[in-house]
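So you can see what is in the structure, the chains are spelled out below.
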Amino acid sequence: GSLEIQQEIMVNVKLEFGGGLELLFDNQKKISAEVPNDAGNKLKIGTLLSWIRDNLLKERPELFMQGDTIRPGVLVLINDCDWELCDGMQYEVEEGDSIVFISTLHGG
Amino acid sequence: GSLEIQQEIMVNVKLEFGGGLELLFDNQKKISAEVPNDAGNKLKIGTLLSWIRDNLLKERPELFMQGDTIRPGVLVLINDCDWELCDGMQYEVEEGDSIVFISTLHGG
Amino acid sequence: PLYYSCGMDQHAIQRYSRHLLLRDFGAAGQARLLNSSVLIVGVGGLGCPALLYLAAAGVGRLGLADFDVVDESNLHRQVAHTEGRVGMSKVLSGAASAKLLNESVQCDLISEGITPSNAVEVVSSYDVVIDCTDNPRVRYIVNDACCIAGKPLVSAACVQMEGQLSVYNYPPAPTAMDSSPVGDAPHGCCYRCMFPSAPPAAGVENCSDAGVLGALPGVLGCMQAVEAVKIVAGFPPERTFAGRMLLYDGHGALLRVVRLRNPVKHCLSCGSHPHRTITRQTLLSYDYDAFCRGSMCSARGP
Amino acid sequence: PLYYSCGMDQHAIQRYSRHLLLRDFGAAGQARLLNSSVLIVGVGGLGCPALLYLAAAGVGRLGLADFDVVDESNLHRQVAHTEGRVGMSKVLSGAASAKLLNESVQCDLISEGITPSNAVEVVSSYDVVIDCTDNPRVRYIVNDACCIAGKPLVSAACVQMEGQLSVYNYPPAPTAMDSSPVGDAPHGCCYRCMFPSAPPAAGVENCSDAGVLGALPGVLGCMQAVEAVKIVAGFPPERTFAGRMLLYDGHGALLRVVRLRNPVKHCLSCGSHPHRTITRQTLLSYDYDAFCRGSMCSARGP
Ligand SMILES: [Zn+2]
Ligand SMILES: [Zn+2]
C-alpha cells in the first residue's frame, strides 16, 4: 500500500524589520525566508507570523505578537501597503512577497 | 501572391518627467505610452527617445535631446537605475519598463 | 502683476518673492499662507525646524505648545533654542527665534502644552496642527482633538536614526457640528485608525532613552513644514502624505513611502455614529491614563 | 562609562547625551565628530540648515564659504540669517548663528566663496565637503577640488518643489599623491562622472528665477548634515547616498532613491591616467568659462 505523506512546499518571502523591531531579530533588518507550507493550501499571514516568532525571533516575543496577531503599534506592510488594505490577518502570502514589520516611533 | 507587410507590435512603457522637464510635455509628469516597434526587433532606447521627441514633446526639443541622444544634464533612469548601468543608448526596452527623465537641479 | 491685488506691500513682495515665482503656489498661495494659522505641538527636535520654516515662510499666526524648558541636552538638535536660553521656557525661546526671522508673525504661547482640558479649544483656533511631541499619550489627545475640530494633522516622529511622517484626518472627517452624518463622507484616516491600541511600554523608545541623530528630526520637521504649507495653500490630499507614510531609515539612507489603510468606520475618534465616542463633550472624561496603562504613554514626554 | 575615555567633560556628556546613547554612533562617533571638520559651500537655502545642525551636533571646525550678503528675499528659507542681518555677509551671519547654538564650534569664514584660485587649498583642509551652491559653475569647481584632495562631497540641489541629493567621490578616488595608480582603486562616482557636459542655459532654473518652496531646501540641507555626520563618524559608503540619488518631489509628496552609474574611467576629474586632466597643477588653468559657455554655469549664483 502507499504511504500517505503530507507534502510540504516552501514559500519565499522577503522580510524586513524596522523602527527598533530589528533588535528582536539579532539586529537583522532584512531576512530572506523560506517558509514551509502544506502543498495545496495557501499560506495565511497569520501562520507566517507564528512561524516568524517560532523560527526567527530571538527575544521578547511579546514585543512582536500579542495573542495570535501582531502587537499594537506595529505596522505590517505587504508590498508597501498597510495589510488592512489586503484583508489583514486573512491575507494569503504569495511567493516573493515583501513583508515589512515596522514599529511606530514616538520620539520628537 | 501574398502581400509582404512589416508587422508592427506595441511596447508599453511608463514614462516620467521631472526636474522641470515636465514643462516640455504640457506639464505632465507621468505618461503611459504605447510605442510602435517592428515585430522581431527589440526597441532600442535611442529609438524610444526619438519617438518621444516626435510624438509627446510639445516644445523646445533642444531641451530634451541633443543630436541623437539625451541633452547634457538629464538623468535617464531605467527601472530606477541610471541607464549607464544598462548599456545606455544600447539598452533594449522591455514591455512594462519604467523610464524616468529627470533634469538635474542646481538651486540651493 | 497679480500679487499686488493680494494686499502685499513692496516689502512683502520682495521678502516672499521666491514663493511668488513658484508655479502652483504664487501670490494666491502666499496670500493664504499669510492669513493662515498653524499649531505646533512640541517645540523640540521636530518643532524647532517646523517653527523656523513656518515663520520664515510668513504663516500669519503660529501656536507653540510645550510645557518644558530648554535643557542642555536639547541643543544637539533643537536649533531654535540657543546656549544662552538654557532654562527658558521652550515656547518663549521658540517665539524669540521666530520673531528674529520674521517680526510680522504672530506667536501664541501655550505654555502648559496640550492637555485634555485645553486640547479642543486650542486646536479649534488653527487651520492645521503639527504633531511634534515625544509622547504617545499627547499624540492621542492631539489626534482626538483634531478629529473633533476638523483639522488636518501633520504627524512625524523619530528615534535613533529612523523617522516616520504622515498626514492624518485630511480631508477631515465630518465634525459633530456638521449636518452630514458623522463619519460617512470620504475622509483621511486618523492616528487612532492606524493605532487603535496603545503600544506596550517596552516597545516604545524615545529620544531620552534611545538617543537620536540630531539632524534627523531636522529632516522630518522641515518636511512637516512643507506639508503644512501645502495644506494651507490648498493642495489636495492626494498631493500630501495623507493616506501614506514616509519611512526614513537614516542608518541605511533608505526612504520608502507606503500606503495606509482607509479610515476605520468603528474608530472612536473619526468613525461613524455610534462608534465615535470621543467627542467635544466626552474628550475631557476619556481616560487617557487607562488607555495607556502598561504602556509608556503615561510617561511625561521630554 | 566608555565615553569618559574620549575626553569629554561632564558638560559635553550632557550636551551630546542623545548622540552618546545612539547605537552605532555612541561615544566613538561623537569623539570623531568633535574632531572633524566640514566645509559648507554656499550659506543659502541648503547651507543654513546644514550649518545649524552641524554646529549643534558639535562638529569641531566648520568652514563657511560664500561671497554674498543677506538679502531680504533670502529670509523666506535661509533660517540661519535674521531680519536684523540683512546686508551682512552670509558667512558672518551664519557663523553668528552657529556660535549662539554652540560656542565651542570653530568657524572658518571664506568670504570670497570658492573659486578656482582657492578651491584646492580650502577643500584640502576639511574632512568632508557639502555642496550647497546655487550655481553649476561652482559645483564643477568644488567637485574637481574634492577629487584632487580626496574628499567626499555631499551634494544637494533644489528648485521650486523638487530636490535631489547624492554623495560623490566616496570612497574618494585615489589622489595624485597616492602611490596607487590613479583611478584604478574602487571609488565612488563624482559629479563630473554623472554630468560630463554642462547643461544648456535654458535647461537650468535657479531659485531666483523659478522660486523655491522655503521649507524644501530645509529638508535637503538637514539630510546633507545627516550624511556628513555619518561620513565623519565612519559609516561606510553603502550606508550613505554614495552611488545613489534621492529624488524628492515635494509637489506630489513623492520620494525615490535611484542607483547611479559606476565611476567613469575617462572622467577628467576622477578617471584613470591619462584621462584625468584636472589636477592640483591644472585646475587653476582649466577653463570653466569655456566649459560652461552657452550654459547658465557662468551666471553668478544668488
Ligand atoms: Zn480614526
Ligand atoms: Zn568622475
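No experiment lies behind these values; they were computed from the predicted model shown.

Draft legend 1. Structural context of the arrangement of the chains. A comparison of contact numbers over the 5 pairs of chains in contact places chains C and D at the top. One thing to see here is that chain A and chain B don't touch, and their nearest C-alpha atoms sit 17 Å from each other.

Draft legend 2. Seen up close, the packing of helix α4 (residues 47–57) of chain D against helix α10 (residues 215–232) of chain D. Residues and elements named next belong to chain D. The geometry of α4 relative to α10 is characterised by a closest axis approach of 7 Å and an angle of 40° between their N-to-C directions. Classified by the interaxial angle, the pair formed by α4 and α10 is oblique. Like other packed secondary-structure pairs, α4 and α10 cross with a definite hand, here right-handed. Residues Pro49, Ala50, Tyr53 and Leu54 of α4 touch α10, and the partners they reach there are Pro217, Gly218, Gly221, Cys222, Ala225, Ala228 and Val229. Its residues placed into classes, the contact of α4 with α10 shows 9 nonpolar, 2 polar and no charged.

Draft legend 3. Up close: the nonpolar core. Leu54 and Leu62 of chain C together with Leu54 and Leu62 of chain D are the most contacted members of the largest nonpolar core, which totals 118 residues. Non-local contacts of Leu62 of chain C, meaning those with residues more than four positions away in its chain, are made with Val38, Ile40, Leu51, Leu54, Ala55, Val105, Gln106, Cys107, Asp108 and Tyr126 of chain C.

Draft legend 4. Just the coordination of the zinc ion (ligand 2), in detail. Residue and element names in this part refer to chain D. The coordination sphere of the zinc ion (ligand 2), as far as protein atoms go, consists of Cys190 (SG), Cys193 (SG), Cys267 (SG) and Cys270 (SG), spread over 2.2 to 2.3 Å. Taken together, the 4 donor atoms coordinating the zinc ion (ligand 2) and their angles of 92 to 118° define a geometry best described as tetrahedral. Mapping the donors of the zinc ion (ligand 2) onto the primary sequence yields the spacing C-x2-C-x73-C-x2-C. One end of the pair, Cys190, is in the loop between β6 (162–168) and α8 (191–194); the other, Cys270, is in the loop between β8 (254–259) and α11 (288–292), and 80 residues separate them in sequence. Cys190 gets classed as buried once you look at its relative accessible area, which sits at 0%.

Draft legend 5. Representation of the interface of chain B and chain D. At the interface, 28 residues of chain B touch 39 residues of chain D. Ranking the residues of chain B by area buried against chain D places Leu105, His106 and Gly108 of chain B at the top, with a combined share of 29%. Across the contact surface, chain B and chain D share 4 salt bridges. Residue Asp80 of chain B pairs with Arg256 of chain D through a salt bridge whose shortest N-O separation is 3.1 Å. Elements supplying a minimum of two residues to the side of chain B that touches chain D: β1 (8–18), β6 (74–78), β7 (81–82) and β9 (98–103) of chain B. No other element matches β9 of chain B, which puts 4 residues into the side of chain B that touches chain D. Within the side of chain B that touches chain D, the residues separate by chemical class into 11 nonpolar, 10 polar and 7 charged.

Draft legend 6. Quick peek at unusual backbone geometry. Following Tyr170 of chain D, the chain continues into Pro171 of chain D via a peptide bond in cis, with omega recorded as 0°. For Pro171 of chain D, the position within the fold is in the loop between β6 and α8. For the bond from His273 of chain D to Pro274 of chain D, the omega torsion is 0°, close enough to zero to count as cis. Relative to the helices and strands, Pro274 of chain D resides in the loop between β8 and α11. Of note, the phi angle at Asp26 of chain A is positive, near 60°, even though the residue is not glycine. One can find Asp26 of chain A in the loop between β1 (8–18) and β2 (30–38). Phi at Asn79 of chain A takes a positive value of approximately 50°, unusual for a residue other than glycine. Here Asn79 of chain A lies in the loop between β6 (74–78) and β7 (81–82).

Here is what the cut-offs are and how they apply
- Residues numbered from 1 in each chain as written.
- Chains lettered and ligands numbered in written order.
- Predicted model: local features only at pLDDT ≥ 70, side-chain atom pairs only at ≥ 80, totals over all residues.
- Heavy atoms only, no water.
- Contact = heavy atoms within 4.5 Å.
- Axes fitted to C-alpha atoms, helices over the stretch in contact; angles between N-to-C directions.
- Helix = DSSP H or I, 4+ residues; strand = E, 2+ residues; numbered from the N terminus.
- Parallel < 35°, antiparallel > 145°, perpendicular 65-115°, else oblique.
- Left-handed = near helix turned anticlockwise from the far one by under 90°.
- Nonpolar A, V, L, I, M, F, W, Y, C, P; charged D, E, K, R; others polar.
- Core = buried A, V, L, I, M, F, W, Y, C linked by side-chain atoms within 4.5 Å.
- Buried < 20%, exposed > 50% of the residue type's maximum accessible area, 1.4 Å probe, protein only.
- Donors = N, O, S within 2.8 Å, 3.2 Å for Na, K, Ca; no water.
- Tetrahedral: all angles 85-135°; square planar, octahedral: opposite > 155°, others 65-115°.
- Buried area = accessible area lost by both parts, 1.4 Å probe.
- Salt bridge = Lys/Arg side-chain N within 4 Å of Asp/Glu carboxyl O.

Keep in mind these values describe shape, not function.
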